[in-house]
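Next come the chains, spelled out residue by residue.
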Amino acid sequence: MTQTVTENFSEQLALRAGALLHSLGATLPDPGPLVARTPISGGALLPLTVDTPAEVDAAIGRAATAFESWRTVPAPVRAGLVRRLAQLLVTHSDELAELVSLEAGKIGPEALGEVQEMIDVCEFAIGLSRQLYGATMPSERPGHRLMETWHPLGVVGVISAFNFPVAVWAWNTAIALVCGDTVVWKPSETTPLTALACHTLLRRAAAEVGADPEVHQLIQGDGSVGSVLVDDPRVALLSATGSVRMGATVAPKVAARFGRCLLELGGNNAAIVAPSADLELAVRGIVFSAAGTAGQRCTSLRRLIVHSSIADQLVDRLAAAYGQLPVGNPLDDGVLVGPLINERAFTAMQDALSGAVAQGGEIVCGGERVDVLGPESYYVRPALVRMPAQTELVREETFAPILYVLTYDEIDEAIALNNGVPQGLSSSIFTLDQREAEQFLTHSDCGIANVNIGTSGAEIGGAFGGEKNTGGGRESGSDSWKAYMRRATNTINYSTELPLAQGIHFG
Ligand code: NAD
């Protein structure tokens, strides 16, 4: 493709982004040094201003002030804001999904799925607003009642990653708002436009239901802008999604001020394929998990641990499936693998592939760059690499579509390989042997352990998160809401005596 054609195409994408923002009701940002780009062509979409530390400070101040009244609104009434947000998301799902495709490079169905995930978590939060239950326990003292009550926490700082630019925000924000918290959001500097769109929809929902729009603040910029949020003692909970490196920087800072952290960091996810596996199903699950979103999900499948008796057969079938994966413009129908986010991701992938070969690995297929829309965009064929052992390189997360294949002979060995990495996000086993499946579910050390499905594509109803270097946080469904509230234990004496616990007599 000639340079001029690509430039014209980039201009069209920029115009389209502007039009989408307009139809989502967003005011176009003032131009500034933060340039939103599209990985589809590598071209610029819009330049935006970056928030200064003083502006971040003011945004936290507005959220802290709004918290004082928002906390007193009954939770089921607070849910009215989330309900209206969900309705607006339904109405605008196509536009928002297209903006996600433009900024994050997701193929249409995955971008729409991400918006659906936002709607799902809003519905969950609405129901949750009537279920913020506390327990009541029998008191050891006569005429006493012992119970736990849950209270809003305060300002929640949300730092999010580029690869789920809207869903992760919704996981945090929908739950935080029904819990009575207010939110300051620092999205990835790579996806500022989708953030602007979400912020606009939330503010509009607030205006329409008569809620204080200041319950949500958006700050834009890179990690240095995020670090103002990290250091501010008014931020009661910092929910940070991104790389292990980012988590290792922010977590000690929040701990030093005795704040709370909810960390959703990198993964290095594995699937075990046992001799009894339904290979047809396994191939489909593996290809979606490893190549979907061009390997740029936190839950992307990065390590395949195959029983040696079926390894050759499975690798052949995977190579055949990989050969048929359409790589291309994610806005085009039928494309399954879109671009990498930027040149840095491409370089990291190429470095990992040469490192793997140097360590005795064999590239079965993929890894090469594909020219789809010129030199500023980075499209690759997903790579399948057989490795002789789980080397240091395999133990690292490379945020690109590389699937390392390892073999095993005994199930204990396979589980040890699964657990033998610093991260602990997602894992799965393909087997028809129930004993083996149960053994895996008991011993996988990950926050997510699946049977006969891949590692990616979680539902919002379960708690989402991982162990070890993934950070230990849980978001989304189940009882994850507890991270967004504080618990008080209450003892109420309705007797005329003052008995002490443990039978103590005092004076
Ligand atoms: P990243 O760590 O580069 O950036 C994530 C966010 O952190 C961005 O908003 C960035 O500006 C901010 N940030 C970076 N340094 C900071 C600092 N010192 N202080 C405050 N904020 C800072 O990650 P990325 O490249 O955007 O996303 C990919 C990574 O995120 C992968 O490792 C992936 O596995 C992980 N991820 C994890 C989950 C999960 O739920 N576990 C979900 C999505 C992505």
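For clarity, every value in this text was computed on a predicted model and none was experimentally measured. (Residues numbered from 1 in each chain as written. Predicted model: local features only at pLDDT ≥ 70, side-chain atom pairs only at ≥ 80, totals over all residues. Heavy atoms only, no water.)

As a further point, take the packing of aromatic side chains. Applying the stated rule across the entire model yields five aromatic pairs. For the pair tryptophan 150 and tryptophan 481, a centre-to-centre distance of 5.1 Å together with 70 degrees between the ring planes defines the contact as edge-to-face. Here tryptophan 150 is found in strand 4 (residues 144-152), whereas its partner tryptophan 481 is found in the loop between strand 22 (475-476) and strand 23 (485-493), with 331 residues between them in sequence. In this pair, the class of tryptophan 150 matches that of tryptophan 481, namely buried. Sitting over the ring of phenylalanine 164, lysine 106 keeps its end group 3.5 Å from the ring centre. The aromatic ring of phenylalanine 346 is capped on one face by arginine 369, whose charged end is 5.2 Å from the ring centroid. (Phe/Tyr/Trp six-rings, centres within 6.5 Å; stacked < 30°, edge-to-face > 60°. Helix = DSSP H or I, 4+ residues; strand = E, 2+ residues; numbered from the N terminus. Buried < 20%, exposed > 50% of the residue type's maximum accessible area, 1.4 Å probe, protein only. Lys NZ or Arg CZ within 6 Å of the ring centre and 35° of its normal.)

We now examine unusual backbone geometry. Its identity as a non-glycine residue notwithstanding, phenylalanine 258 has a phi of 55 degrees, on the positive side. As for its placement among the helices and strands, phenylalanine 258 is situated in the loop between helix 9 (244-256) and strand 9 (260-264). Taking the relative accessible area as the measure of exposure, phenylalanine 258 reaches 79% and is therefore exposed. One non-glycine residue with positive phi stands out, namely glutamine 502, at about 60 degrees. Inspection of the secondary structure puts glutamine 502 in the segment after strand 23.

Attention now goes to the UniProt feature "active site" (unreviewed entry) in the protein. According to UniProt, the "active site" (unreviewed entry) feature falls on Glu264. Relative to the helices and strands, glutamate 264 is located in strand 9. The contact partners of glutamate 264, leaving out residues within four places of it in the chain, are Ala240, Thr241, Gly242, Phe464, Gly465, Gly466, Thr470, Gly473, Arg474 and Glu475. (UniProt positions renumbered as here; feature names shortened; annotations may be inferred. Contact = heavy atoms within 4.5 Å.)

The next thing to look at is the site of the ligand. Around the ligand sit 29 residues in total, of which Ser160, Lys186, Glu189, Ser243 and Glu397 are the nearest. At 2.6 Å from an oxygen atom of the ligand is found a side-chain nitrogen or oxygen belonging to lysine 186. Between the ligand and glutamate 189 there is a distance of 2.7 Å, counted from an oxygen atom to a side-chain nitrogen or oxygen. Taken by itself the ligand offers 850 Å² of open surface, and the protein chains cover 87% of this. Counting only elements with at least two residues in the shell around the ligand, the list comes to helix 8 (223-231) and helix 9. Here the shell around the ligand gets four residues from one element, more than from any other, and that element is helix 8. Considered class by class, the residues forming the shell around the ligand number 12 nonpolar, 12 polar and five charged. Among the domains, domain 1 (3-265) and domain 2 (269-460) are the pair contributing at least three residues each to the shell around the ligand. (Near = heavy atom within 4 Å. Polar contact = N/O pair within 3.5 Å; in protein donor to acceptor, adjacent residues only side chain to side chain. Areas by Shrake-Rupley, 256 points an atom, 1.4 Å probe, with all protein chains shown as cover. Nonpolar A, V, L, I, M, F, W, Y, C, P; charged D, E, K, R; others polar. Domains from an automatic or database assignment.)

Turning next to the environment of alanine 66. As for its placement among the helices and strands, alanine 66 is situated in helix 2 (residues 53-70). When the C-alpha atoms of alanine 66 and glutamate 214 are compared, they prove to be 5.9 Å apart, with 148 residues separating the residues in sequence. Excluding residues that lie within four positions of it along the chain, alanine 66 makes contacts with Thr182, Asp212, Glu214 and Val215.

Together, Glu7, Glu11, Glu343 and Glu376 make up a region of like negative charge exposed at the surface. By the secondary structure assignment, glutamate 11 is in helix 1 (residues 3-23). (Patch = residues over 30% accessible without salt bridge, like charges linked within 9 Å, V, L, I, M, F, W, Y side chains within 5 Å. Salt bridge = Lys/Arg side-chain N within 4 Å of Asp/Glu carboxyl O. Lys, Arg positive; Asp, Glu negative; His and termini not counted. Charge placed at Lys NZ, Arg CZ, Asp CG, Glu CD.)

This part is about the packing of helix 3 (residues 75-91) against helix 7 (residues 192-209). Relative orientation and spacing of two packed helices are given, respectively, by the angle between their axes and the distance between those axes. Contact pair helix 3 / helix 7: the axes reach a minimum separation of 8 Å and the direction vectors enclose 125 degrees. Relative to helix 7, the element helix 3 is oriented oblique. Relative to helix 7, helix 3 is oriented so that their crossing is right-handed. Residues Gly80, Leu81, Arg84, Leu85, Leu88 and Leu89 of helix 3 form the contact with helix 7, whose participating residues are Leu201, Leu202, Arg204, Ala205, Ala206, Glu208 and Val209. (Axes fitted to C-alpha atoms, helices over the stretch in contact; angles between N-to-C directions. Parallel < 35°, antiparallel > 145°, perpendicular 65-115°, else oblique. Left-handed = near helix turned anticlockwise from the far one by under 90°.)

Any empty space left between the atoms is revealed when a probe the size of a water molecule rolls over them. Throughout the structure, instances matching the rule amount to one cavity of 30 Å³ or more. Taken together, 14 residues line the largest cavity, and the ones lying closest to its centre are Ala104, Gly105, Lys106, Thr293 and Gln296. The residue makeup of the lining of the largest cavity, split by class, is seven nonpolar, five polar and two charged. Residue-level mapping places the lining of the largest cavity at the junction of two domains, with at least three residues from each of domain 1 (3-265) and domain 2 (269-460). (1 Å grid on protein atoms, 1.4 Å probe; cavity = no way out; pocket = protein on both sides within 12 Å on 5 of 7 lines; lining within 4 Å. Points joined across faces, edges and corners; volume = space filled by probe spheres on them.)

Turning our eyes to something else, we now look at the domain arrangement of the protein. Segmenting the protein into domains produces domain 1 (3-265) and domain 2 (269-460). Using only C-alpha atoms to locate each centre, domain 1 and domain 2 end up separated by 30 Å. Counting residues at the interface gives 28 residues for domain 1 and 24 residues for domain 2. Buried area between domain 1 and domain 2, both sides added, is near 2000 Å², and the carbon and sulfur share of it is 67%. Counting across the interface, domain 1 meets domain 2 through five residue pairs in polar contact (both at pLDDT 80 or more). Among the secondary structure elements, those contributing two or more residues to the side of domain 1 that touches domain 2 are helix 1, helix 4 (93-104) and helix 5 (108-128). No other element matches helix 5, which puts six residues into the side of domain 1 that touches domain 2. Here the side of domain 1 that touches domain 2 is composed, by residue class, of 13 nonpolar, nine polar and six charged. (Buried area = accessible area lost by both parts, 1.4 Å probe.)

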